[in-house]
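# Chains, contacts and geometry: an overview
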Amino acid sequence: MSQKILLDKINIPGIKTYEVYRQNGGYASVEKALKTLTPDEVVEEVKTSGLRGRGGAGFPAGMKWSFIDKKSGKPRHLVCNADESEPGTFKDRYLMEYIPHLLIEGMITSSYALGANLSYIYIRGEYMWVFKILERAIAEAKAAGFLGKNILGSGYDLELHVHCGAGAYICGEETALIESLEGKRGNPRIKPPFPAVSGLWTNPTVVNNVETIASVPWIVNNSGADYAKIGIGRSTGTKLISASGHIKNPGVYEIELGLSVYEFMNSDEYLGGMSSDRPLKAFVPGGSSVPVLPAHLIYKTAAGEDRLMSYESLSDGGFATGSMLGSGGFIVYNDTSCIVRNTWNFSRFYHHESCGQCTPCREGTGWMEKVLHRIENGHGREEDIDLLLSIQSKIEGNTICPLGDAAAWPVAAAIRHFRDEFEYHIRFPEKIKNRDHFVAEPFEKVKHLVSKVII
C-alpha cells in the first residue's frame with residue numbers, strides 16, 4: 001500500500017465536521033506554523049518538499065510563493081483555484097466534498113506563509129453543494145478560533161471566503177479567475193505582470209490548486225524533507241488521480257509518484273484492469289487537454305523503459321511519443337472507442353469554452369469542431385486531416401492563455417497516433433454511420449481496408 005497524505009482520513013465517520021477532524025489531528029499545522037515557525041520558514045519547507053502545482057502545470061509551489069511581492073507594502077492574497085472543469089478530472093471535488101477542513105487548514109497555513117490576511121476559494125459554479133459544505137466548514141473553523149482576528153493569540157488575522165464561478169472553464173486559468181473574482185468577465189490577462197506582483201485588485205496574489213494547498217498541512221507537520229522522500233526524482237510526494245473509462249474500478253486514487261502505469265492500471269489496489277475482455281486501445285493520462293497515447297506507448301516509453309506515473313516519465317519522448325501528467329484525469333479506452341468521435345467531443349468542449357478574446361482560439365476551435373464533426377458523420381474529405389493539423393498549428397502557442405494549446409494538442413495527438421482511423425472514416429462513410437460503429441467491428445479488424453484503398 002502506498003503512503004496516503006490527502007486521503008488517509010477521508011473514510012473516518014464524521015470527518016466533514018470540525019469536531020471529528022480536530023480529534024484526528026486536524027489544524028495541527030496551523031498551530032505549529034503560527035506558534036513555532038515564521039512565514040519564511042513555512043515557505044522554505046514547501047520549497048524543500050518539491051511540491052509541484054497539482055492543477056496541471058506542475059510548477060514548483062514553493063518557488064511560486066517566493067515570487068510574491070513583499071516590498072510594495074500592498075495587501076497580499078491567496079486564492080485557491082477550485083474551478084475544476086477539465087473533462088476527466090474530479091479529484092478536487094472529492095477532497096472538498098468529503099474532507100473540507102483539510103483544504104481550510106491548508107488555506108490558513110499557506111495564507112500565513114504568504115502574509116495574506118484576505119484569501120478566497122474560487123469554486124466551480126456547478127459545485128453548489130460543495131460550496132455549501134465549504135461555507136459550513138469555514139464557519140466551524142472561525143467559531144473555533146482558527147479564522148478571524150488574532151488566530152490562536154498569534155496576532156495573525158485571516159478572513160477566508162468562498163466565491164462561486166458561473167460555469168466558465170476559462171476561469172480555471174489564474175488571471176481569468178482573478179478577473180471573475182473582481183466581478184468582471186473572465187478573460188485571461190496578458191502576462192507580465194504576473195499575479196505574484198499584480199493580481200487580485202492589483203495586489204500581490206498567489207493562485208494554487210485545491211490539491212496543492214491541501215498538501216501543505218502534511219508538509220508543515222512532518223517536514224519538506226520527508227515529503228521529498230516520497231515519489232521519484234523531481235516528482236515528489238503523492239498525486240490524486242481521477243480514473244474513468246473502461247476500467248473495473250473507476251474513482252479517485254492517491255498514488256505515490258513513480259508508480260508504474262502498468263501497476264496502476266492492473267493492480268486490484270487501483271484500477272483492477274480493463275472492465276471487460278476488450279483490449280486496451282488508448283489512454284489520456286492528464287485530462288482532456290493532454291495528448292492521447294496508443295496502447296503500445298502506455299506501459300512502455302518509446303525507449304523501452306517502464307512508463308511511470310510521474311511528470312517526467314509521462315512526458316518522455318515529448319509529444320511525439322509522450323503526453324503529460326496534467327491534472328491527473330486518467331481516461332482509459334478499449335477497442336470499441338472511436339478516437340475520431342472522442343476528439344470531436346473534446347473539440348466541441350473547447351470551442352464552447354473559448355472566451356473568444358484571441359482570434360486563433362476563437363475561430364480555430366470552431367473550425368476544428370466543424371471539420372471533426374464532418375469526418376465523424378461521414379462527410380469528411382481527404383484533405384480534412386491535413387487541414388486539422390494546419391488549424392491546430394495556427395492555434396498552438398498563439399494565444400494569451402493555454403486554452404488554445406489545450407484545444408490543439410488532443411487533435412494533433414489523435415492524428416499522430418490514429419491517422420488511419422481518420423482515413424477510415426473518410427473513405428468508408430457508410431461503415432461509421434452508427435455512432436457505435438466500433439462496438440461490433442473494432443477498428444483493428446477493418447484497418448486493413450484503409451491500406452487497400454488507392455487514392
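Throughout, a residue's number is its position along its own chain's written sequence, starting from 1. Owing to the predicted nature of the model, reporting of local features is limited to residues with pLDDT of at least 70; listing and counting of side-chain atom pairs is limited to 80 or more, with chain, interface and lining totals taken over all residues. To obtain the side-chain values, all non-hydrogen atoms of the structure were used and water was disregarded.

Per an unreviewed UniProt entry, the protein goes by the name NADH-quinone oxidoreductase subunit F and belongs to Flavobacterium aquariorum. UniProt positions are given in the numbering used here, feature names are shortened, and annotations may be inferred rather than shown by experiment. If you open the UniProt record of the protein and go to Sequence similarities (unreviewed entry), you find "Belongs to the complex I 51 kDa subunit family." The UniProt entry for the protein carries the following text under Catalytic activity (unreviewed entry): "a quinone + NADH + 5 H(+)(in) = a quinol + NAD(+) + 4 H(+)(out)".

## A short note on unusual backbone geometry
For the peptide bond that leads from Lys-191 to Pro-192, omega is 0 degrees, which places it in the cis range. Going along the chain from the N terminus, every DSSP run of H or I of four or more residues is numbered as a helix, and every run of E of two or more is numbered as a strand. As for its placement among the helices and strands, Pro-192 is situated in the loop between helix H8 (174-181) and strand S4 (205-209). The residue after Pro-192, namely Pro-193, is reached through a cis peptide bond having omega 5 degrees. Mapped onto the elements of the fold, Pro-193 is located in the loop between H8 and S4. Phi at Leu-152 is positive, roughly 55 degrees, even though this residue is not glycine. Mapped onto the elements of the fold, Leu-152 is located in the loop between helix H7 (128-143) and strand S3 (159-164). The backbone of Thr-202 shows a phi angle near 65 degrees, a positive value even though the residue is not glycine. Among the structural elements, Thr-202 can be located in the loop between H8 and S4.

## Observations regarding the sheet that holds strand S7 (residues 238-245)
Paired strands, in this sense, are two strands between which DSSP finds at least two bridges. Read across the sheet, 5 strands follow the order S8-S7-S11-S9-S10 without closing on themselves; strand pairing throughout is mixed. Both edges of this open sheet fall to strand S8 (251-256) and strand S10 (293-294), since each of them pairs with a single strand only. As paired elements, S7 and S8 share 6 bridges and run antiparallel to each other. The partner of Thr-238 across the bridge, within S8, is Glu-256. Only heavy atoms matter for contacts: two residues are in contact if any of them lie within 4.5 Å across the pair. Axes here refer to lines fitted to C-alpha atoms; in helices the fit is confined to the stretch in contact. Angles between the N-to-C directions go from 0 to 180 degrees. Its contacts with the sheet put helix H5 (residues 91-98) on S7 and S8, and the angle it makes with S7 is roughly 110 degrees.

## Considering the packing of H5 against helix H6 (residues 100-114)
At a closest axis distance of 4 Å, the pairing of H5 and H6 adopts a crossing angle of 95 degrees. One element, H5, and the other, H6, form an angle in the roughly perpendicular class. The segment H5 lies against H6, with Leu-95, Met-96, Glu-97 and Tyr-98 engaging Pro-100, Leu-102 and Leu-103. In this classification, Asp, Glu, Lys and Arg are treated as charged, Ala, Val, Leu, Ile, Met, Phe, Trp, Tyr, Cys and Pro as nonpolar, and every other residue, Gly included, as polar. Each residue belonging to the contact of H5 with H6 can be placed in one class, and the counts come to 6 nonpolar, no polar and 1 charged. Just so you know how the angles are binned, under 35 degrees is roughly parallel, over 145 roughly antiparallel, 65 to 115 roughly perpendicular, and the rest oblique.

## Focus: the packing of aromatic side chains
When the centres of two rings from Phe, Tyr and Trp lie within 6.5 Å, Trp using its six-membered ring, the rings pair. Their planes under 30 degrees apart give stacked, over 60 give edge-to-face, and anything left gives tilted. Under the criterion given, the structure shown has 24 aromatic pairs. Ring geometry for Tyr-424 against Phe-443: centres 5.6 Å apart, planes inclined by 70 degrees, an arrangement best described as edge-to-face. Remark: Phe-443 occurs in helix H19 (residues 443-446) and Tyr-424 occurs in helix H17 (residues 403-427); sequence separation between them is 19 residues. Classification of Phe-443 by relative accessible area gives buried; the value is 4%. Cluster of aromatic residues (ring-pair linked, three or more members): Tyr-253, Phe-264, Tyr-270, Phe-283 and Phe-330. Any Lys NZ or Arg CZ found within 6 Å of a ring centre and within 35 degrees of that ring's normal is scored as a charge over the ring. For Arg-52, the ring lying beneath its charged end belongs to Tyr-311, and the centroid distance is 4.1 Å. Above the face of the Trp-344 ring, Arg-348 is positioned so that its terminal group lies 4.9 Å from the ring centre. Exposure is judged per residue with a 1.4 Å probe applied to protein chains only, and the accessible area is read against the type maximum: over 50% gives exposed, under 20% gives buried, and values in between give partly exposed.

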